[in-house]
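Chains, contacts and geometry: an overview
Below, each chain spelled out in residue letters.
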Amino acid sequence: MLSLPQRFLRSHHFDVTTKCYRPADMKDRLPILDIWVDPVDRELAIDRVRGFLEGNKPCCIFAANPEKNFSVPKDPLLYDVFKKAELLIPDGIGIVLAAKLLYGATLSRVPGVELMMDICHLATEAKKSVFIYGSREAVNKAAVERLQLKYPNLIVAGRSNGYVPESEMPQLIARINDSGADILFLALGSPRQEKWFAAHAPELTQVKVCQGIGGTLDTIAGTVKRAPAIWQKLSIEWLYRLLREPKRVRRQKVLPVFVCKVLIEKILK
Ligand code: UDP
């Protein structure tokens with residue numbers, strides 16, 4: 001049973017302009033330095049996805065995190081597709097803290113893997129089918145098998161590894177369309193998956209929801225271990241991943257710069 005404040009936070013969001021809470025359907029995207037985030041929790045995010053499934057074009061969901069603040073603005077194509085995304089989830093604690101500091105907004109993290117699970121659950125309930133594209137062949141296959149064990153009624157209309165050469169892309173697009181999949185999970189890593197969506201969304205005739213899930217199939221297949229629950233609860237999953245894969249430090253070195261930029265923005269606001 002949710003407490004009254006919890007229920008309020010689930011059904012309302014923080015309005016940047018008026019600096020007060022408004023019902024959730026009056027959504028406002030929050031600018032975080034050079035990118036944006038939608039003030040949604042898991043429940044609001046899945047409500048949005050339910051709406052996308054009723055639409056007639058592919059709606060995309062990408063994760064907003066501090067690293068993207070540096071990679072997205074560098075590339076006009078990426079910037080455009082990211083800006084136009086129908087849903088930008090607060091995937092990392094960095095974005096949640098920045099939203100708190102800049103707007104006083106109380107966001108809760110929506111990790112991409114958790115939203116993917118919610119979407120799979122919704123797909124089984126709504127009898128919608130999924131296509132899973134990305135990662136190495138063995139990882140993709142194992143992840144699909146694990147998903148089917150977890151959601152026995154999940155309709156997997158098709159799957160493909162993420163190493164399809166550009167010359168074979170028309171055949172892959174045809175496979176995705178012919179499969180009739182309503183939902184496409186793109187596991188190509190970032191920014192490859194965002195760029196793939198930018199290039200191929202107009203060719204997708206059946207897909208209504210496309211989520212960029214990065215390396216999530218690796219965690220589902222078990223080739224990359226997700227942080228234990230306590231690390232997740234403390235919002236230091238990123239540290240766990242860094243300790244296990246020190247080469248990621250190259251990507252995460254932007255974090256201190258992100259923190260400084262947010263503090264400067266806060267002072268100048
Ligand atoms: N990948 C892919 N095709 C490529 C390059 C990468 O399918 O051409 C996959 C790779 O196998 C891995 C994922 O993309 O499963 C990248 O994971 P990473 O954790 O780097 O992505 P992030 O979640 O950080 O965006």
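Refer to the structure presented above.
This one's a predicted model, so the numbers in the text were calculated from it and none came from an experiment.

Moving on, we get to the overall build of the protein. If you tally the helices and strands in the protein, you get 14 helices and 10 strands. Taking all 269 residues of the protein together, 49% fall into the buried category. Contacts spanning at least 24 positions in sequence make up 70% of the contacts within the protein whose residues lie at least 6 apart. Counting only carbon and sulfur atoms, one obtains 59% of the accessible surface of the protein, whose full area is about 13,500 Å².

This next bit is on the packing of aromatic side chains. If you walk through the whole model with that rule in mind, you get six aromatic pairs. Ring centres of F62 and F82 lie 6.4 Å apart, and the angle between their planes is 5°; on these two criteria the pair is classed as stacked. One end of the pair, F62, is in strand 5 (residues 59-64); the other, F82, is in helix 4 (residues 76-84), and 20 residues separate them in sequence. Considered together, F62 and F82 belong to a single accessibility category, that of buried residues. Centroid distance W231 to Y240: 5.2 Å. Interplanar angle 70°. Geometry classified as edge-to-face.

On to the side chain of S135, then. Its location among the elements puts S135 in the loop between strand 7 (129-134) and helix 7 (137-150). For S135, a relative accessible area of 7% corresponds to the buried category. If sequence neighbours within four positions are ignored, S135 has contacts with N140, N161, G162, Y163, A187, L217 and D218.

With that settled, consider the environment of K150. Along the chain, K150 turns up in helix 7. Overall, K150 belongs to the exposed group, its relative accessible area being 52%. Here the alpha-carbon distance between K150 and C120, two residues 30 residues apart in the chain, equals 9.6 Å.

Procedures and definitions
- Residues numbered from 1 in each chain as written.
- Predicted model: local features only at pLDDT ≥ 70, side-chain atom pairs only at ≥ 80, totals over all residues.
- Heavy atoms only, no water.
- Helix = DSSP H or I, 4+ residues; strand = E, 2+ residues; numbered from the N terminus.
- Buried < 20%, exposed > 50% of the residue type's maximum accessible area, 1.4 Å probe, protein only.
- Contact = heavy atoms within 4.5 Å.
- Areas by Shrake-Rupley, 256 points an atom, 1.4 Å probe, with all protein chains shown as cover.
- Phe/Tyr/Trp six-rings, centres within 6.5 Å; stacked < 30°, edge-to-face > 60°.

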